[in-house]
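Descriptive structure summary
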Amino acid sequence: MALKQKMAKSLLKTSSLSGRTKLLHQTGLSLYSTSHGFYEEEVKKTLQQFPGGSIDLQKEDNGIGILTLNNPSKMNAFSGVMMLQLLEKVIELENWTEGKGLIVRGAKNTFSSGSDLNAVKSLGTPEDGMAVCMFMQNTLTRFMRLPLISVALVQGWALGGGAEFTTACDFRLMTPESKIRFVHKEMGIIPSWGGTTRLVEIIGSRQALKVLSGALKLDSKNALNIGMVEEVLQSSDETKSLEEAQEWLKQFIQGPPEVIRALKKSVCSGRELYLEEALQNERDLLGTVWGGPANLEAIAKKGKFNK
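The sections below set out a description of the structure shown in this document. (Residues numbered from 1 in each chain as written. Predicted model: local features only at pLDDT ≥ 70, side-chain atom pairs only at ≥ 80, totals over all residues. Heavy atoms only, no water.)

**A look at the sheet that holds strand β1 (residues 54–59)**
If you walk across this open sheet you meet the six strands as β1-β2-β3-β4-β6-β9, and the pairing is mixed. The open sheet terminates on both sides in strands that have one partner only, identified here as β1 and β9 (231–232). Pairing geometry for strand β6 (residues 171–174) and β9, over two bridges, is parallel. Paired with L173 across the two strands is E231, which belongs to β9. Where helix α4 (residues 80–94) meets the sheet, it contacts β1, β2 (64–70) and β3 (101–106), and its direction lies at approximately 20 degrees from that of β1. (Pairing = 2+ DSSP bridges. Helix = DSSP H or I, 4+ residues; strand = E, 2+ residues; numbered from the N terminus. Contact = heavy atoms within 4.5 Å. Axes fitted to C-alpha atoms, helices over the stretch in contact; angles between N-to-C directions.)

As structure tokens, this is what we get:
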């Protein structure tokens, strides 16, 4: 047994990882840097000029986190400060080793109306728009790669950037009267927080064109029919729908955190890497749980039934 463990560790140490694989292995790495013309500290200073609202994070003992977009006077629109706080919360979640699942919701029974128009009006040049685009793509890509199984709880409206945020979650649930709208075309732009790329992955290019052009309106029924959401909840009440979402998420997170987190990482690599790289990453992740406490306990239990 000791020899096998040494061999396994040796294989892990000598495995050659591509640059793409290393990006998934390391937390805190972003898509854009100064080589892309992205200067994060300058963007942060700009966003800091637009206050309002907050991003609130509650971490439960059962391993479920609740991330709340909290700016109800503006339908939970993202101010500049909220964009900065979202990055801070993502970093906190990256380091939450006991976490297994995450629910994203909006305060006061609506999800989010996207970007705060006060910030949008002040950031009027293409350079400004692209800088915020790179900042939010960085943040939401890190969010998408979190080793937590995530679900967006869509109550009320998810508009523009709010609709884009839902696509960064692994799953989406809607309340009966809620709606998702990619209203970017009406604003003379296109989605810029990664929403188009993720939407195509979720529902395919033909359906994505229908949704992005406005030809297909995503009420809860249509969203369910095209596979945009997993389920339409029974209640539209803010408290009851959150309870329903928590109960729904529990089916995915039964088990120890290290196993759930390794599973999510493995799915991320399968989605983002080429086949050979994904297989190698799956092997490496297996090495973090094989022979671990959960694995040994499960084997011991199974052994009792086979006697």
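**Here we look at the side chain of T166**
Relative to the helices and strands, T166 resides in helix α7 (residues 161–167). Overall, T166 belongs to the buried group, its relative accessible area being 0%. (Buried < 20%, exposed > 50% of the residue type's maximum accessible area, 1.4 Å probe, protein only.)

**Regarding the packing of aromatic side chains**
Taken as a whole and judged by the stated rule, the model has seven aromatic pairs. Seen in terms of ring centroids, F78 and F165 are 6.2 Å apart; in terms of plane orientation they differ by 55 degrees. Their pairing is tilted. With F78 in the loop between β2 and α4 and F165 in helix α7, this pair connects stretches of sequence that are 87 residues apart. Neither residue differs from the other here; F78 and F165 are each classed as buried. (Phe/Tyr/Trp six-rings, centres within 6.5 Å; stacked < 30°, edge-to-face > 60°.)

**What about the nonpolar core?**
Membership of the largest hydrophobic core comes to 52 residues, with the highest contact counts inside it found for F143, F165, I180 and M228. Residue contributions to this core peak at seven residues, all from α4. Ignoring sequence-local partners within four residues, the contact set of F165 consists of L67, L69, F78, L86, V104, F111, L140 and F143. I64, I103, L173 and L249 belong to the second largest nonpolar core, which has 15 residues in total. (Core = buried A, V, L, I, M, F, W, Y, C linked by side-chain atoms within 4.5 Å.)

**Some details on the sheet that holds strand β7 (residues 179–181)**
Across the sheet, which stays open at both edges, the three strands sit in the order β5-β7-β8 with mixed pairing between neighbours. The outermost strands of the open sheet, each flanked by one partner alone, are β5 (157–159) and β8 (218–219). Looking at chain direction, β5 and β7 are connected through three bridges and run parallel. From the neighbouring strand, W157 faces β7, where its bridge partner is K179.

**A few points about the side chain of N138**
With respect to the helices and strands, the residue N138 is situated in helix α6 (residues 126–144). Exposure remark for N138: the relative accessible area of 5% places this residue in the buried category. In this structure, N138 is in contact with S30, L31, Y32 and F38, ignoring residues within four places of it in sequence.

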